[in-house]
Amino acid sequence: MKKLWAWIKSIFHKQPVQPEPTPEPTPIPPAPTPIPMPGKVPLVVCKESSWFNDFDKQVLKDAVAGLNHIFSTKQFQTELMSRTYTEDFGEGGAGIWKRMVAGDQLSPEDDLGELDFKIVMYNSPWSRVVGYTYLESIVINVNRKFFATPSSVASNIAHELMHTLGYTHDDGFDDSVPYQMNEIIDVLWEQLNLG
Ligand SMILES: [Zn+2]
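What comes next is a walk through the structure. The written sequence of each chain sets the order in which its residues are numbered from 1. Since the coordinates come from a predicted model, pLDDT governs what is reported: local features require at least 70, and pairs of side-chain atoms require 80 or more to be given and counted, while whole-chain, interface and lining totals use all residues. For the side-chain quantities, the full set of heavy atoms in the structure was used; hydrogens and water were omitted.

**Topic: the coordination of the zinc ion**
Line of reasoning, step 1. The protein atoms donating to the zinc ion are H159 (NE2), H163 (NE2) and H169 (NE2), with metal-donor distances spanning 2.0 to 2.1 Å.
Line of reasoning, step 2. Distances define the donors: N, O and S atoms within 2.8 Å of the metal qualify, as do those within 3.2 Å of Na, K or Ca. Water is excluded, so some sites may look unfinished. Sequence spacing of the donor residues for the zinc ion, all on one chain, is H-x3-H-x5-H.

Encoded structure:
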């Protein structure tokens, strides 16, 4: 009987065993690699908004969150360091990084350690100006006409924040720090799938 049982079992065991299909590994989104530099990453803080409705507030919130995410990634540091700039006080990307982390803005209202700003909405439907600020102010004025998506708003805020750190584009737009910051945010927003 035992032999018979063994024989029956052996028949079943001889059935070719189909290998289990290997399940596709679930892709794990790469976590942002921390910046190799020790210490902090730049921190953007919106202190106050004026003339914002609920929709605007949500767009602003998403824009600031996106910026803070971008600034904490290695990709940002790589982009920043791989470019050359005009009107950069001769300090290049490393200097920009240092100023951003220190949050040392020109305005007397500035809180150190963060890139803080107040934002005011204005209505200028015929203007091509997206927004503006003054070097010694942390107030960013934004034209409602261009206040549409978190990505475009983030790009604009980043540009204006560079002005609050003292960076200008008097000699030409393209290679200046504020305009290259627009490009960096546009590129990384897409690359990091921030929506
Ligand atoms: Zn500008």
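Moving on, there is more to tell.
**Some words on the sheet that holds strand β3 (residues 131–132)**
Line of reasoning, step 1. Pairing in this open sheet of 4 strands is mixed, and the strands run β1-β2-β4-β3 from one edge to the other. In this open sheet, the two strands that pair with only one neighbour each are β1 (44–50) and β3.
Line of reasoning, step 2. Here 2 bridges tie β3 to strand β4 (residues 139–143), and the two strands are oriented antiparallel to one another. From the neighbouring strand, Y132 faces β4, where its bridge partner is N141.
Line of reasoning, step 3. Working rule for contacts: check all heavy atoms of both residues, and any pair within 4.5 Å makes them a contact. Axis definition: a line fitted to C-alpha atoms, limited for helices to the stretch in contact. Angles are taken between N-to-C directions and run from 0 to 180 degrees. A run of H or I in DSSP becomes a helix once it reaches four residues, and a run of E becomes a strand once it reaches two; helices and strands are each numbered from the N terminus. Sheet strands in contact with helix α2 (residues 54–71) are β1 and β2 (115–122), and its direction is about 165° off that of β1.
Line of reasoning, step 4. Its contacts with the sheet place helix α5 (residues 150–164) against β1, β2, β3 and β4, and it is angled at close to 120° to β2. Should DSSP find at least two bridges between two strands, the strands are taken to pair.

**Here's the deal with the nonpolar core**
Line of reasoning, step 1. Residues F76 and M181 are the most contacted members of the largest nonpolar core, which totals 38 residues.
Line of reasoning, step 2. At the level of secondary structure, the elements contributing two or more residues to this core comprise α2, α3 (74–82), α4 (92–102), β2, β4, α5 and α6 (177–191).
Line of reasoning, step 3. Per-element tally for this core: the top contributor is α2, with 7 residues.
Line of reasoning, step 4. Residues within four places of M181 in sequence aside, it is in contact with F71, F76, L80, I96, M100, A158 and M162. By convention a nonpolar core is built from buried Ala, Val, Leu, Ile, Met, Phe, Trp, Tyr and Cys residues, the set being connected through side-chain atoms within 4.5 Å. The buried label applies to any residue whose accessible area, calculated with a 1.4 Å probe on protein chains only, is under 20% of its type's maximum; exposed applies above 50%, and partly exposed to all values in between.

**With respect to the packing of aromatic side chains**
Line of reasoning, step 1. Classification of ring pairs uses Phe, Tyr and Trp, with its six-membered ring standing for Trp, and accepts pairs whose centres are within 6.5 Å; under 30 degrees between planes counts as stacked, over 60 as edge-to-face, and the remaining range as tilted. Taken as a whole and assessed by the stated rule, the structure comprises 6 aromatic pairs.
Line of reasoning, step 2. Note on F52 and F147: the rings are 5.3 Å apart at their centroids and 85° apart in plane angle, and the pair reads as edge-to-face. With F52 in the loop between β1 and α2 and F147 in the loop between β4 and α5, this pair connects stretches of sequence that are 95 residues apart. Of the two residues, F52 and F147, both sit in the buried class.
Line of reasoning, step 3. On the numbers, 5.9 Å between centres and 75° between planes, the contact of Y132 with Y134 is edge-to-face.
Line of reasoning, step 4. By relative accessible area, which is 54% here, Y134 ends up exposed.
Line of reasoning, step 5. Through a chain of ring-to-ring contacts, three or more aromatic side chains come together here, namely F71, F76 and W97.

**Thoughts on α6**
Line of reasoning, step 1. The first and last C-alpha atoms of α6 sit 21 Å apart over 15 residues, in line with the 21 Å expected at 1.5 Å per residue.
Line of reasoning, step 2. Every buried residue of α6 is accounted for by V177, P178, Q180, M181, N182, I184, I185, L188 and W189.
Line of reasoning, step 3. For α6, the elements touching its buried residues are α2, α3, α4 and α5.
Line of reasoning, step 4. The N-capping residue of α6, defined by a side-chain oxygen 3.4 Å from the backbone nitrogen of Y179, is S176.
Line of reasoning, step 5. The positive-phi residue at the C-terminal boundary of α6 is N193, with phi of around 55°. Any helix carries an expected span of 1.5 Å times its number of residues minus one. Any pair of N or O atoms that falls within 3.5 Å is considered a polar contact. Within protein, one atom must be able to donate a hydrogen and the other to accept it, and sequence-neighbouring residues count only if both atoms are side-chain atoms.

**Section: the packing of α3 against α4**
Line of reasoning, step 1. In contact at an axis separation of 7 Å, α3 and α4 are set at 130° when each is read in the N-to-C sense. By the angle between their directions, the pair α3 and α4 is classed as oblique. Here F76, Q77, L80 and M81 of α3 come into contact with α4, specifically with G93, A94, I96, W97 and M100.
Line of reasoning, step 2. Gly is put with the polar residues, along with every residue not named as nonpolar or charged; the nonpolar set is Ala, Val, Leu, Ile, Met, Phe, Trp, Tyr, Cys and Pro, and the charged set is Asp, Glu, Lys and Arg. Along the lines of polarity and charge, the residues of the contact of α3 with α4 split into 7 nonpolar, 2 polar and no charged. Oblique is the label for any angle not under 35 degrees, not over 145, and not in the 65 to 115 range, which are roughly parallel, roughly antiparallel and roughly perpendicular in turn.

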